[in-house]
Amino acid sequence: MEKFNVIVIGAGHAGCEAALACARMGQTALLVTMNLDAIAQMSCNPAIGGIAKGQMVRELDALGGEMGKVTDEAGLQFRMLNMSRGPAVWSPRAQCDKRLYSLSMKNRLESQPNLKILQAEATRIIIESGKTAGIETKTGTVINSDSVILTAGTFLKGLIHVGLTHFSGGRFGELSSETLSDSLKALGFEIKRLKTGTPPRLNGRTIDFSKMKEQPGDNPPIPFSHFTNTQEFKNKLQLACWLTYTNKTTHDIINSNLDRSPLYQGVIKGIGPRYCPSIEDKIVRFAERERHQVFLEPEGFGTHEFYANGISTSLPEDVQEKIVHSIVGLENTQIIRYGYAIEYDFFPPTQLKSTLETKAVENLYFAGQVNGTTGYEEAAAQGLMAGINCALKLKGKEPFILNRDEAYIGVMIDELITRGVDEPYRMFTARAEYRLMLRSDNADLRLMDHGHSTGLINDEQFSRFDNYRKALADRLDGKETEMKEELLFPWTKEKIDFEVEVDKKYAPYILRQKEVIEKTGKLENKRLPENVNYDSMTGLLTEAKQRLNRVRPATIGQASRIPGVTPADIAVVLINLAKEKAGK
Ligand SMILES: Cc1cc2nc3c(=O)[nH]c(=O)nc-3n(C[C@H](O)[C@H](O)[C@H](O)COP(=O)(O)OP(=O)(O)OC[C@H]3O[C@@H](n4cnc5c(N)ncnc54)[C@H](O)[C@@H]3O)c2cc1C
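Keep in mind that what you see is a predicted model, and the values were worked out from it rather than measured.

About the cut-offs
- Residues numbered from 1 in each chain as written.
- Predicted model: local features only at pLDDT ≥ 70, side-chain atom pairs only at ≥ 80, totals over all residues.
- Heavy atoms only, no water.
- Domains from an automatic or database assignment.
- Contact = heavy atoms within 4.5 Å.
- Buried area = accessible area lost by both parts, 1.4 Å probe.
- Helix = DSSP H or I, 4+ residues; strand = E, 2+ residues; numbered from the N terminus.
- Buried < 20%, exposed > 50% of the residue type's maximum accessible area, 1.4 Å probe, protein only.
- Pairing = 2+ DSSP bridges.
- Near = heavy atom within 4 Å.
- Polar contact = N/O pair within 3.5 Å; in protein donor to acceptor, adjacent residues only side chain to side chain.
- Phe/Tyr/Trp six-rings, centres within 6.5 Å; stacked < 30°, edge-to-face > 60°.
- Axes fitted to C-alpha atoms, helices over the stretch in contact; angles between N-to-C directions.
- Parallel < 35°, antiparallel > 145°, perpendicular 65-115°, else oblique.
- Nonpolar A, V, L, I, M, F, W, Y, C, P; charged D, E, K, R; others polar.
- Salt bridge = Lys/Arg side-chain N within 4 Å of Asp/Glu carboxyl O.
- Disulfide = S-S within 2.5 Å.

Participant: Any details on the domain arrangement of the chain? Residues and values, ideally.
Facilitator: Interfaces are often sized by the amount of accessible area the parts lose when they come together. Domain assignment breaks the chain into domain 1 (4-195 + 344-431), domain 2 (201-340), domain 3 (458-524) and domain 4 (534-583). Computed from C-alpha coordinates alone, the two centres of domain 1 and domain 3 are separated by 31 Å. Across the contact, five residues belong to domain 1 and five residues belong to domain 3. Both faces combined, the contact of domain 1 with domain 3 buries some 470 Å², and carbon together with sulfur accounts for 68% of it. On the domain 1 side of the contact with domain 3, P87, W90 and D405 bury the most area, a combined 62% of that side's loss.

Participant: Give a detailed account of the environment of P349, specifying residues and quantitative values.
Facilitator: Tracing the backbone shows P349 in the loop between β19 (340-346) and β20 (364-366). Each C-alpha atom of the pair P349 and S84 lies 36 Å from the other, and the pair is 265 residues apart in sequence. The contacts of P349, once residues within four sequence positions are left out, are N371, L416, I417, G420 and V421.

Participant: Any details on the environment of L445? Residues and values, ideally.
Facilitator: By the secondary structure assignment, L445 is in helix α12 (residues 443-454). Classification of L445 by relative accessible area gives partly exposed; the value is 27%. In this structure, the C-alpha to C-alpha distance between L445 and R469, residues 24 residues apart in sequence, is 7.4 Å. Beyond its immediate chain neighbours, meaning those up to four positions away, L445 contacts F465, Y468, R469, L472 and E499.

Participant: Can you tell me about the pairing of strand β5 (residues 91-96), naming the residues and giving the values?
Facilitator: When a strand is regular, its side chains alternate between the sheet's two faces. Counting buried residues in β5 gives five out of six residues, a clear majority hidden from the surface. Where strand β3 (residues 47-49) meets β5, three bridges bridge the pair, whose relative direction is antiparallel. Residue pairing for β5: A47 is matched across the bridge by Q95. Pairing analysis gives six bridges linking strand β4 (residues 75-81) to β5, with the strands arranged antiparallel. Pairing of L81 across the sheet is with S91, part of β5.

Participant: Explain the site of the ligand to me, using residue names and the numbers behind them.
Facilitator: In the vicinity of the ligand, 35 residues are found, and the nearest of them are A14, A122, S177, Q369 and G375. A distance of 2.9 Å separates an oxygen atom of the ligand from a polar backbone atom of A14. In the environment of the ligand, an oxygen atom lies 2.7 Å from a nitrogen or oxygen atom belonging to the backbone of G375. For the shell around the ligand, the secondary structure elements donating two or more residues are α1 (13-24), β2 (29-33), β12 (192-198), β19 and α10 (376-394). In terms of residue count, the dominant contributor to the shell around the ligand is β12 (three residues).

Participant: Tell me about the packing of aromatic side chains, and please be specific about residues and values.
Facilitator: One pass over the structure, following the stated rule, counts 15 aromatic pairs. With centroids separated by 5.3 Å and ring planes inclined at 50°, the aromatic side chains of F189 and F366 adopt a geometry described as tilted. Remark: F366 occurs in strand β20 and F189 occurs in the loop between α5 (180-185) and β12; sequence separation between them is 177 residues. On the accessibility criterion, F366 (1% relative accessible area) is buried.

Participant: Now, about the packing of helix α2 (residues 53-62) against helix α3 (residues 67-74): what can you tell me, with residues and values included?
Facilitator: Relative to each other, α2 and α3 sit at 115°, their axes nearing to 7 Å. By the angle class used here, α2 and α3 are roughly perpendicular. Residue-level inspection shows V57, L60 and D61 of α2 in contact with α3, the latter providing M67, G68 and K69. When the residues that make up the contact of α2 with α3 are grouped by side-chain class, the tally is three nonpolar, one polar and two charged.

Participant: Just give me the short version of the pattern of salt bridges, but keep the residues and values in it.
Facilitator: One side chain can pair with another of opposite charge once the charged atoms of both are near each other. Under the defined criterion, the tally for this structure stands at 48 salt bridges. Here E110 makes a salt bridge to K106, at a shortest N to O gap of 3.5 Å. Residue E110 and its partner K106 are both found in helix α4 (residues 98-110); the two are separated by four residues, about one turn of the helix. Among the residues examined, E110 registers a relative accessible area of 46% and is labelled partly exposed. K106 gets classed as buried once you look at its relative accessible area, which sits at 19%. Two residues, K234 and E494, come together in a salt bridge whose shortest N-O distance is 3.9 Å. Taken together, the residues K234 in the loop between α6 (230-233) and β15 (241-245) and E494 in helix α15 (residues 493-524) connect sequence positions 260 residues apart. The exposure class of E494 is exposed, given its relative accessible area of 53%. Each of the salt bridges in this network shares a partner with another, and the network as a whole consists of R404, D414, E415, R419, R431, E433, E524 and R561.

Participant: Quick rundown of the sheet that holds β15? Include the residues and the values.
Facilitator: Sheet strands pair via backbone hydrogen bonds, and the direction of the pair is either parallel or antiparallel. If you walk across this open sheet you meet the six strands as β14-β15-β16-β17-β13-β18, and the pairing is antiparallel. The strands lining the two open edges of the sheet, one partner per strand, are β14 (213-215) and β18 (335-337). On average, each strand axis in the sheet is tilted by 35° relative to the strand beside it, whichever way the strands run. Direction of pairing for β15 relative to strand β16 (residues 293-298): antiparallel, over a ladder of four bridges. The residue bridging Y245 from the neighbouring strand is Q293, located in β16.

Participant: Outline α2, listing residues and values.
Facilitator: Within α2, 10 of the 10 residues are buried, which leaves the element mostly enclosed by the surrounding structure. Of the residues making up α2, those classed as buried are K53, G54, Q55, M56, V57, R58, E59, L60, D61 and A62.

Participant: If you had to explain the state of the cysteines to someone new, which residues and values would you point to?
Facilitator: Enumeration over the complete set of coordinates arrives at zero disulfides. Between C390, a cysteine without a disulfide, and C22, which holds the nearest cysteine sulfur, the sulfur-to-sulfur distance is 4.4 Å.

Below is the structure:
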């Protein structure tokens, strides 16, 4: 096969964004994935967005990513969460038709110039003279490339648990990737294990919805993508979700079967997502709670399959039957797929630079679940950033790094590479110190300039956005200029009215935040020389030297967020750097 500029391993949420970004930025790209029928598969919940995650999808969209557009196409229910609170924490979320989502993404990959897709398993990354040179597939084919982006998700030595039985697999019904992580371990990469889990799926024809509370979508629904026609979107067909609860019988069944739980018998060693616990975990940790919510979410327009959100479990199949049948409305329900847990290899992300390139091997990037994150949105955002940076580096251009005051995506990458993870990392609004500024409604104003400068937002899209931005600025200045609606489209006058209201509400607080950013910004963004020698710094404690050497932060801001690095250590580093500069 011909040589490519970039090979992306894995067509999950990270891999699709990475491959599209590289190809659209003019690089020849190959996306290699184990199963072409599982492109951008939602391994768990058929939903995109949610608190803080929804903001990230809007950011991704403003930067020229694909997740928002695909969600608008494949969504079957749209809700803006947190609407009882201020717009700073409003978060869009959509239930999706899972097959439609996958097909829509596959279509986009297939029709993308510069991009080739291939069903194959990468078994080894080829390194020559410390640089990435390509991959080898399971059938022994060698494909050469200048760069590789690894986005293998939960597949690296994936081990599936149902009760005390376990077997290898990347997801249920799919093979795991058994040798790839060994090839990286041999190169010196650190590897650890994490765990996640999923609930049973149910046959909707056997659910008694009359006993449950209906959860309709918003009317009118608000789209994810800045480029979706909001007028047409108002007519979008939506399906309902349903709410029921666990009860004392459910909890008794779980408690009396903990001896058959791989989680409580120590069979599962990897740490699971704290904020997405299994039902057995919830019963044990919150023993005082009398019931837990169970949302029944449709998996598609053309299927009766329902996702039982809230009862993720790795208990044995017979226990899962009893749990489901103990819940009101599910007394006679058929389980059509059992829940399970999965353990997998990941690479502690302190091994990465801010561009998501590995420190150990040039032109090798990691993105998504392999970096210890959980969630489609976190994965997609990393995929996009890795793709952009890979393409920029190949063009000999400066890296693209988002600051913490610009985007949740910036917050996430900063935390991953400086602090690492000891449990699956997911995004929350509370992680962002400047969340009043990082809203879902202003992702375009924050980031579309960047999207345009990388080329992922084209001139036509950008000029419409720019018209909207000018019209908004005029309104905020009190000028009554009348911009023709078709020049703004798909932005609308309604959106301008909304932003004016938000500005009225937040302007003084945002001004204060900007002042803080300005004051701290100089130090926050002060770059550390790449070859800085912490070992030779006088006055720096050995622990601090070790911590700084492990992460090798790019800026003083990042150095200050490394766990265990104190303000005193930072002061010592600054003094040493100043002395060095002065030649003392
Ligand atoms: C059982 C289960 C439960 C989950 N539960 C939750 C949850 O509750 N909440 C949550 O937020 N997230 C959950 N997730 C995680 C969510 O699925 C991931 O965060 C997200 O899909 C990660 O995207 P990704 O692109 O990194 O990887 P994935 O979506 O896993 O995609 C990886 C892709 O890489 C391909 N691949 C792997 N190895 C190779 C190879 N060697 N060669 C070629 N192709 C390869 C695979 O075929 C796959 O297409 C769960 C995942 C699973 C499996």
